[in-house]
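Topology and contacts: notes
Now for the letters of each chain:
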Amino acid sequence: MRVLVIGSSGFIGSFLVEALLRKGYEVVGMDIQPPRKQDPRFVFMRGDILKKEDIAKAAAGCQAVISLAAAHKDFGISEQEYFQVNRDGTGNVLDVVAGAGIKKFIFYSSVAVYGNPDGFATEETIPEPVNTYGKSKLAGEKLIPSWVQADASREAVVIRPVVIFGPGNFGNMFTLINAICKKRFMFVGKGDNIKSVAYVENLVDATIFAFAGMKPGLAVYNYADYPEMTITQTVQTIYECLGIRQPRFRLPLRPALFGASIFDVLGKITGINFPITAYRIRKFNTATRFKADKIRSLGFQQRVPLKEGFKRMLDWYAANKDTAVGSSTSE
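Here is a short report on the structure shown in this document. Position numbers for residues count from 1 along each chain, tracking the sequence in the order it is written. This being a predicted model, a pLDDT of at least 70 is required before a residue's local features are given, and a value of 80 or more before pairs of side-chain atoms are given or counted; all residues contribute to the totals for chains, interfaces and linings. Excluded from the side-chain calculations are hydrogens and water; all other atoms, namely the structure's heavy atoms, are used.

Let's shift gears to the overall build of the protein chain. Only DSSP runs of H or I with at least four residues qualify as helices, and only runs of E with at least two residues qualify as strands; both kinds are numbered from the N terminus onward. The helix and strand tally for the protein chain stands at 12 helices and 11 strands. This radius of gyration counts C-alpha atoms alone. The globule rule is 2.2 Å times how many residues there are, raised to the power 0.38. Against the globule reference of 20 Å for 331 residues, the protein chain gives a C-alpha radius of gyration of 20 Å, in line with a compact fold. With the principal axes as the frame, the protein chain shows a C-alpha extent of 60 × 40 × 40 Å. Counting all 331 residues of the protein chain, 51% fall into the buried class. Any two residues having at least one pair of non-hydrogen atoms within 4.5 Å are treated as being in contact. In the protein chain, the share of contacts with a sequence separation of at least 24, taken over all contacts with a separation of at least 6, comes to 78%. Shrake-Rupley sampling with a 1.4 Å probe provides the accessible areas, and residues are treated as covered by the protein chains on show and by no other component. A total of about 15,900 Å² of accessible surface is found on the protein chain, and carbon and sulfur atoms cover 54% of it. Categorising residues by exposure relies on relative accessible area from a 1.4 Å probe, with only protein chains included: less than 20% of the type maximum marks a residue as buried, more than 50% marks it as exposed, and the intermediate range marks it as partly exposed.

Rendered as structure tokens:
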């Protein structure tokens with residue numbers, strides 16, 4: 001089977017392409033950026049999800065499309081751009097695959113569509129996004145049921161991942177690891193809030209599992225690794241993997257928010273993306289707990305334990321810390 005991966009040069013996309021190739025699929029990659037490393041085993045086409053002609057060229061001869069392309073950062077993206085990429089770009093892909101007769105479509109959404117659920121969220125939780133990213137991703141999701149209903153033989157899967165980490169990632173987990181390694185990290189708050197996370201190879205495994213089991217209609221799956229961890233446990237695991245002692249001092253939440261709020265104001269005035277803001281401190285101390293039991297009930301088994309995932313990312317970080325530059329994302 002020939003599969004088009006849109007967003008193939010990104011963090012998750014790079015791992016997904018390699019995993020699909022190992023499984024024996026023919027893979028075409030499309031992205032606005034070239035792949036991180038050249039691989040003669042797959043065809044890469046530079047293309048923009050906002051241009052149907054680019055999508056159509058890449059999709060020619062494919063029997064399935066997996067779309068990971070997204071506008072996704074904490075800072076510096078307008079509301080218009082979020083919706084152009086995450087909603088309108090998804091509409092473009094659906095139009096092209098419909099015209100090409102492609103029956104299988106997987107869409108990477110996000111748990112951001114749930115907003116701030118009370119307790120935890122499952123696939124049955126009604127989405128109530130609170131930020132523009134989540135709203136734009138949900139808008140993209142809402143286009144898929146009509147595509148499915150137009151042809152009873154069409155198969156679609158929506159995957160809603162939590163914060164993903166692993167080698168090559170420059171998002172939230174990189175920022176945390178970087179701060180700890182450079183002794184710039186100060187624990188703020190109690191740390192008893194659960195933060196659902198997932199190691200990238202486990203997410204890719206879950207994607208291929210869902211792909212192999214596709215059926216006519218639409219299926220939605222959350223993805224998070226187990227066991228669930230509080231932010232205290234996550235930080236402790238990183239320190240343990242590094243083999244260094246964790247400082248005991250913790251700064252109370254309220255004064256930290258007050259002190260950091262000045263950076264929120266300065267960021268709006270100057271356009272500078274400050275690493276410390278009240279928004280990020282508040283997010284660090286907010287529970288983001290998402291259940292991923294549905295895909296496990298079908299037989300999926302997590303291959304890489306969370307602690308091993310952290311070790312693999314830290315090994316990569318150690319080899320690349322002198323050249324790596326992080327950029328926070330918005331899951």
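So, about the environment of I262. Its place among the elements puts I262 in helix 9 (residues 253-270). Owing to a relative accessible area of 47%, I262 belongs among the partly exposed residues under this scheme. For the pair I262 and T277, spaced 15 residues apart in sequence, the C-alpha to C-alpha distance is 7.8 Å.

Below, the discussion takes up the side chain of D31. One can find D31 in strand 2 (residues 26-31). Here the positive residues are Lys and Arg and the negative ones are Asp and Glu; neither His nor the chain ends is included. The term salt bridge refers to a side-chain nitrogen of Lys or Arg lying within 4 Å of a carboxyl oxygen of Asp or Glu. R46 is the oppositely charged side chain nearest to the buried, salt-bridge-free D31, at an N-O distance of 7.4 Å. Polar contacts here mean pairs of N or O atoms no more than 3.5 Å apart (in protein, one a potential hydrogen donor and the other a potential acceptor; neighbouring residues in sequence count only if both atoms are side-chain atoms). Within the local environment of D31, its side chain forms a polar contact with the backbone nitrogen of S8, the two atoms lying 3.3 Å apart. If near-sequence neighbours (up to four positions away) are discounted, D31 is found in contact with G7, S8, S9, G10, F44, M45, R46 and G47.

Take the side chain of N285 next. Tracing the chain through its elements places N285 in the loop between helix 10 (278-284) and helix 11 (293-297). Engagement of the side chain of N285 in a polar contact is seen with the backbone oxygen of I281, the distance being 3.0 Å. Those residues in contact with N285, other than ones at most four positions away along the chain, are V188, G189, K190, G191, N193 and L253.

For the rest of this paragraph, the subject is helix 8 (residues 231-242). One less than the residue count of a helix, multiplied by 1.5 Å, gives the span that helix is expected to have. The end-to-end C-alpha separation of helix 8 is 17 Å, in line with the 16 Å expected for 12 residues at 1.5 Å each. Along its buried surface, helix 8 packs onto helix 6 (172-181), strand 8 (187-188), strand 11 (250-251), helix 10 and helix 12 (306-320). G243 sits one or two residues past helix 8 and shows a positive phi near 75°.

Omega for the bond connecting Y226 with P227 falls within 30 degrees of zero, at 0°, which places this linkage in the cis form. With respect to the element layout, P227 can be found in the loop between strand 10 (217-223) and helix 8. Unlike most non-glycine residues, K183 shows phi in positive territory, near 60°. Along the chain, the position of K183 falls in the loop between helix 6 and strand 8.

Following the criterion strictly, the structure yields 15 salt bridges and no others. The salt bridge partner of E201 is R303, with a shortest N-O separation of 3.5 Å. Placement of the pair is E201 in helix 7 (residues 200-212) and R303 in the loop between helix 11 and helix 12, with a sequence separation of 102 residues. Residue classification places E201 among the buried residues on the basis of a relative accessible area of 17%. For R303, a relative accessible area of 45% gives the class partly exposed. The salt bridge involving K291 is made with E228; its shortest N-O contact spans 3.6 Å.

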